[in-house]
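Chain by chain, the residues run as shown.
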Amino acid sequence: MTTPQSPRSDTRARIIDVALELFAEHGYEKTSLREIADRLGVTKAALYYHFKTKDDIVRGIVEKMAAPLDDAIAFGEGKDWSPELRDELLRRFAAGMGERAPLLRFFHENQPALRESAAGLAFKERMIKMITLLHGPEPSFRDKLRATVALTSMHSAMFLLKADLCEPGREPVACATGVSLDEAMEAALEVALEVAAHIEPSAH
């Protein structure tokens, strides 16, 4: 049985990191498994041991990206809605998103290819569940919208920091905006909490 520290798990993580680099450089559709294997310095057979197709790699990306969502959902399920729960859900989600900047960038730049994929649909289901936890029972349309905008503020922050706003070849960490990744995530959480604050218990 593998563990998060096992060599197999580490190799899977390296494959995902390299695949994300190539997807960013050439696009998902134009990147082959051979190119991923070559960049890693391994044979295709070694790559197949971990991922049989590019779709399998995307599923691995979704699993890695969804960890903050899964943590927040597990925390919130079964609890009565309250402003404190709403805010804690957003904090738990935001806490894990900064380190997932390349994953968010991949999702932004490859939405057409992912929209109807099994991995993309699975991530969409998680987002819907999280939004439902944020707005609580019997929400108005405006509360649904507020919950959605609050949750996607993290994604919007990464959109502003995406690579084409930075110097060529640089990661979206210190872009032309002069805002660091940590500062962007802090601002995103602040905006998310401001928007979510208008979801009122009296509306339920």
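Look a little higher up for the structure.
Rules behind the numbers
- Residues numbered from 1 in each chain as written.
- Predicted model: local features only at pLDDT ≥ 70, side-chain atom pairs only at ≥ 80, totals over all residues.
- Heavy atoms only, no water.
- Helix = DSSP H or I, 4+ residues; strand = E, 2+ residues; numbered from the N terminus.
- Buried < 20%, exposed > 50% of the residue type's maximum accessible area, 1.4 Å probe, protein only.
- Phe/Tyr/Trp six-rings, centres within 6.5 Å; stacked < 30°, edge-to-face > 60°.
- Lys NZ or Arg CZ within 6 Å of the ring centre and 35° of its normal.
- Core = buried A, V, L, I, M, F, W, Y, C linked by side-chain atoms within 4.5 Å.
- Contact = heavy atoms within 4.5 Å.
- Axes fitted to C-alpha atoms, helices over the stretch in contact; angles between N-to-C directions.
- Parallel < 35°, antiparallel > 145°, perpendicular 65-115°, else oblique.
- Left-handed = near helix turned anticlockwise from the far one by under 90°.
- Nonpolar A, V, L, I, M, F, W, Y, C, P; charged D, E, K, R; others polar.
- Expected span 1.5 Å × (residues − 1).
- Bend = angle between axes of the 7 residues up to and from the residue.

**Here we look at unusual backbone geometry**
Turning to step 1, where the next piece is worked out: A positive phi angle is found at Glu-138, which is not glycine, with a value near 50°.
Turning to step 2, where the next piece is worked out: If you trace the backbone, Glu-138 turns up in the loop between α9 (118-135) and α10 (141-160).
Turning to step 3, where the next piece is worked out: With relative accessibility at 67%, the residue Glu-138 sits in the exposed group.

**Overview of the packing of aromatic side chains**
Turning to step 1, where the next piece is worked out: Counted under the stated rule, the structure contains one aromatic pair.
Turning to step 2, where the next piece is worked out: Relative to Tyr-28, the ring of Phe-23 has its centre 5.2 Å away and its plane inclined at 65°; by these criteria the two rings are edge-to-face.
Turning to step 3, where the next piece is worked out: Residue Phe-23 is classed as buried on the basis of its relative accessible area of 1%.
Turning to step 4, where the next piece is worked out: Above the plane of the ring of Phe-75 lies Arg-92, whose end atom (NZ or CZ) is 3.8 Å from the centre.

**Quick look at the nonpolar core**
Turning to step 1, where the next piece is worked out: One finds Ile-36, Ile-57, Ile-61 and Phe-106 to be the most contacted residues of the largest nonpolar core, which totals 59 residues.
Turning to step 2, where the next piece is worked out: Per-element tally for this core: the top contributor is helix α11 (residues 181-196), with eight residues.
Turning to step 3, where the next piece is worked out: Apart from residues no more than four positions distant in its own chain, Ile-36 is found in contact with Ile-15, Val-18, Ala-19, Leu-22, Phe-23, Thr-31, Leu-47 and Ile-57.

**As for the packing of helix α4 (residues 54-65) against α9**
Turning to step 1, where the next piece is worked out: Their axes nearest at 9 Å, the elements α4 and α9 cross at an angle of 15°. As far as their axial angle goes, α9 and α4 are roughly parallel. Viewed along their axes, α4 and α9 form a crossing whose handedness is right-handed. Each of Val-58, Arg-59, Val-62 and Met-65 in α4 lies in contact with α9, whose residues at this interface are Ala-119, Phe-123 and Arg-126.
Turning to step 2, where the next piece is worked out: Here the contact of α4 with α9 is built from residues that sort into five nonpolar, no polar and two charged.

**Overview of α10**
Turning to step 1, where the next piece is worked out: Between its first and last C-alpha, α10 extends 27 Å over 20 residues, near the 28 Å set by a 1.5 Å rise per residue.
Turning to step 2, where the next piece is worked out: At Ser-153, α10 shows its largest kink, close to 45°.
Turning to step 3, where the next piece is worked out: Taken residue by residue, α10 has Asp-143, Ala-147, Ala-150, Leu-151, Ser-153, Met-154, His-155, Ala-157 and Met-158 as its buried positions.

By themselves, these observations are geometric and do not establish any function.
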